[in-house]
Amino acid sequence: MSVIAYLFSFLCSQDASRSFAIAGHLLPVCQRCAGLYLGMGVTFVYLLLKRDYRKDLPPRSIVYLNVACLLAMPIFGFHLLDPGPAWRLWSGLVYGNAIVFLLAPAASIISNESGRTACHAEPSTTSFWIFFAFLNGIPLWFPAQSVWFYCAALLLMLVGLLCAVFCVSVVTVLVIKRLFMSAVLKGVNNEYARSQDSRV
Amino acid sequence: MNTQEVKTVGCRKAWIAFVAASSCLLIYVMACVMSPPGWSPDSSKIAILVTPAGEGENPKEFAIFVYDIATGAHTLLDEVKADGVLSAPAWSPDGKWIAYYKVEPTPSEQVSPSSEPNATASIGEQPQKTPEDTTPSTSAEELFSEENQMLPPFVFELAEERVKDKNDVETFDVKLVIATPDGKDKETLQVMKWVGGDDERQSMVLMKPTWSPDCKRLFYVRAIGEGDSFYIASIDIATGTTYAHLPGSVVAPVVSPDGKWVASYLEDGTLVASGTNGSVCKYFKLDLEPVDGGPPMLDFTFWSPDSRKILVFDKDSVLHGIDIASGQTELYKDPDANSIAYPVISSTDKKLYYLGGFRTGEEGRPPQTISLKRMDLQTKRTRTIFTFRMPELHNDGGALFSISPNGKVVLARAVMDDAFEKERSVLIFWDGKTQKIVKTDRWLLKPLYGDSNLIFEEKLIGKWRGEDSRITIAKGTQEKTYKLTWVEEDKEHHAAANLVRLKGMTFLGVFIDESLVDPGSHLLPDIFMRVVQTEPKLTLQAIEYNELAEVLEKAAESIRPEDVGTEGISEFERAK
């Protein structure tokens, strides 16, 4: 557990007075960060099951909601409004959900750019709203005092963190690869290739 | 729009979404890592009640300071003088507030006993109001002024009997105050009547309120009679609604980590646990041998992290974990430590931290070597974190220890002797690597002079020989400072000093620990020496800080020699 705590120490202030204790074990992140990584983890699992993220960015209504969730964070994050642990967890959950809902499809589209065809069918949003309602209900009962729950929460947080790391890494590697290939195959100062690129 | 264009637009949107999401995540992570925690229970700061050393159990001055361990900066939160009293301070779990009791320095009030005792109130009932409410309030009504009464009726009866037995019941007003750690914001939550006299006022220094874990409620005690008769109440910080919970004889309410229970002891040692909503009250007759004739280690009763057990010590330092659901007791003992003292449940790993090795010390005196130990309450495994040695204390006296909430730092409050063998109150910190001693007496002093009063006299510099001692005065490392070295009984002492001109007289301000470099402290010397003359002999006269303050206050324009008398004068000849 100390390895996980060490890992999260780079990402969170780990204020113990603002961390959840589950069955006598303290989560290695503060309440808001717990919400963030849990939200990311739960959303990532949802997306994996749903598989919608491979097709396209989410429908407009979901994007707008996610942007609203992202914009709401400063209000809670900068303690302009800090009504307590449940609200801290909630603000993290919806923020994490919004990040993964944008990050995962975007990373998928960018990495599969060449093989993607122009399909843009508006998928059903019913399952998302059910999932979002579930996410909003988590602060009402979180945390359950059980060691199993502690392990599950920790696992989901790690999944959420790894999801973000994976998405960013994939896109970064892709960008580096393209730049490298472009430089090697076309040459750094290839005016013809540059003009072709700009035409495209 | 052709296929290629659709692909390009889709990809551009994906890039925008990707950059926006990863930027938001990065900004959040950076903000969280860089923003300091409101209050981390790592004991980076302490709130502490300071009284002047040498005034015994009846100090004439109380002050609460917030001390930053890393920077050494201290901030005054509140102070009272004369017969006023302050209690020990209690940090709120979110670190935003510090709560304490305060008795203003006013004469205690005499009130008449109640003519219509309100002794029939039962659980959940408000005390019955009578038409006599328009008359001045009686002591009984003032005692049980909480809006929501959850106390068992016998507490009312007990208090009423005590009030009735005497013609004049001595009471005093106690304020429940909360203040921000920077001292800028202060609020009196309520003013309440306590029954008692000087003893109860003095015992207040040992008391402190207790916060609920969510910081929404503050639990406090109220004295209802002589001795250890209290009842525990609480106040909702936001609404001001008050609740009277249960009788008890502890000076600090013991609130469970989930905030649902509050525990105390009856005078016969019965442990009481009451739901904070008043729904349930459980009594446990403990089969424990009391410590020094009283209930089991009152100050060291605490809840297990899961709020299921109350942990109590017996006189053999065996920890008894009483399950409040089943009433069953589980024992915890560290066979290697001889004793378990000053225990605390760590806020970081929820393990029990305590000091071991106290049995090797003599009565009332801490032993030379003490260990900070840790016990896992689930596996009962113990581990020594570090061991430290006690420095020499004044008259081999005792010390009051505490362990930081993260279990990493041990703090002792004690009295030590300085180079002039004067008693100095100190805080001693150990973190396993270093020992840090902080003198607190100077915190109570107000500067008697400013930088503009500082002067420098070359004539003072040199070697001087007195009747029993030798003194060397040299130029100090800082501007307008001196470095003093004196030898007494073959022992060499060092100090820093500055020369100051106050209302026509010259004084040498001596800093024993040479701490002129501390911000602001260069105006607060440990002792003053009046420089009577420098030629042909150096004549110095020792004068106490308070004495000089009084003389300065009385002197209109200049201090006359008769104002300071002739006591404590020493002469020194210039040595070759």
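Refer to the structure printed above.
Since this is a predicted model, take the numbers as computed values, not measurements.

J.: I'd like a rundown of the overall build of chain A, residues and numbers included.
T.: What chain A contains, in helices and strands, is seven helices and two strands. For chain A, the sequential pattern of α-helices and β-strands runs α-β-β-α-α-α-α-α-α. By residue count, 41% of the 200 residues in chain A fall in the buried class. In chain A, 77% of the contacts between residues at least 6 apart in sequence involve partners at least 24 apart.

J.: How would you sum up the sheet that holds strand S25 (residues 369–375) of chain B? Please name residues and give values.
T.: Residue and element names in this part refer to chain B. Sheet architecture is open: four strands sit in the order S23-S24-S25-S26, paired in antiparallel fashion. The open sheet has two edge strands, strand S23 (341–345) and strand S26 (382–389), and neither has a second partner. Between one strand axis and the next, the sheet turns through 20° on average, direction left out of account. One ladder, built from three bridges, connects S23 with strand S24 (residues 352–356); its direction is antiparallel. Opposite Ala 341, over in S24, you have Leu 355 as the bridge partner.

J.: Account for the packing of helix H2 (residues 31–50) of chain A against helix H4 (residues 85–111) of chain A, naming residues and giving values.
T.: All names here are of chain A. Where H2 meets H4, the closest approach of the two axes is 6 Å, and the angle between their N-to-C directions is 40°. Classified by the angle their axes make, H2 and H4 are oblique. Note that H2 runs across H4; the crossing there is right-handed. In terms of residue class, the contact of H2 with H4 is made up of 18 nonpolar, eight polar and two charged.

J.: Outline unusual backbone geometry, supporting the account with residue identities and numerical values.
T.: Here the residue pair A:Phe142 and A:Pro143 is connected by a cis peptide bond, since its omega of -5° sits within 30 degrees of zero. Assignment of secondary structure puts A:Pro143 in the loop between helix H5 (126–141) and helix H6 (147–186). At the junction of B:Glu535 and B:Pro536, the peptide bond is cis and its omega measures out at -5° in the coordinates. The topology assignment puts B:Pro536 in the loop between strand S37 (527–533) and strand S38 (538–543). Not every positive phi belongs to a glycine, and B:Cys215 is a case in point at roughly 65°. Given 17 C-beta atoms within a 10 Å radius, B:Cys215 is considered partly exposed. Phi is positive for B:Ser307, which is not a glycine, with a value near 65°.

Procedures and definitions
- Residues numbered from 1 in each chain as written.
- Chains lettered and ligands numbered in written order.
- Predicted model: local features only at pLDDT ≥ 70, side-chain atom pairs only at ≥ 80, totals over all residues.
- Helix = DSSP H or I, 4+ residues; strand = E, 2+ residues; numbered from the N terminus.
- Buried ≥ 20, exposed ≤ 12 C-beta atoms within 10 Å, placed from the backbone.
- Contact = placed C-beta atoms within 7 Å.
- Pairing = 2+ DSSP bridges.
- Axes fitted to C-alpha atoms, helices over the stretch in contact; angles between N-to-C directions.
- Parallel < 35°, antiparallel > 145°, perpendicular 65-115°, else oblique.
- Left-handed = near helix turned anticlockwise from the far one by under 90°.
- Nonpolar A, V, L, I, M, F, W, Y, C, P; charged D, E, K, R; others polar.

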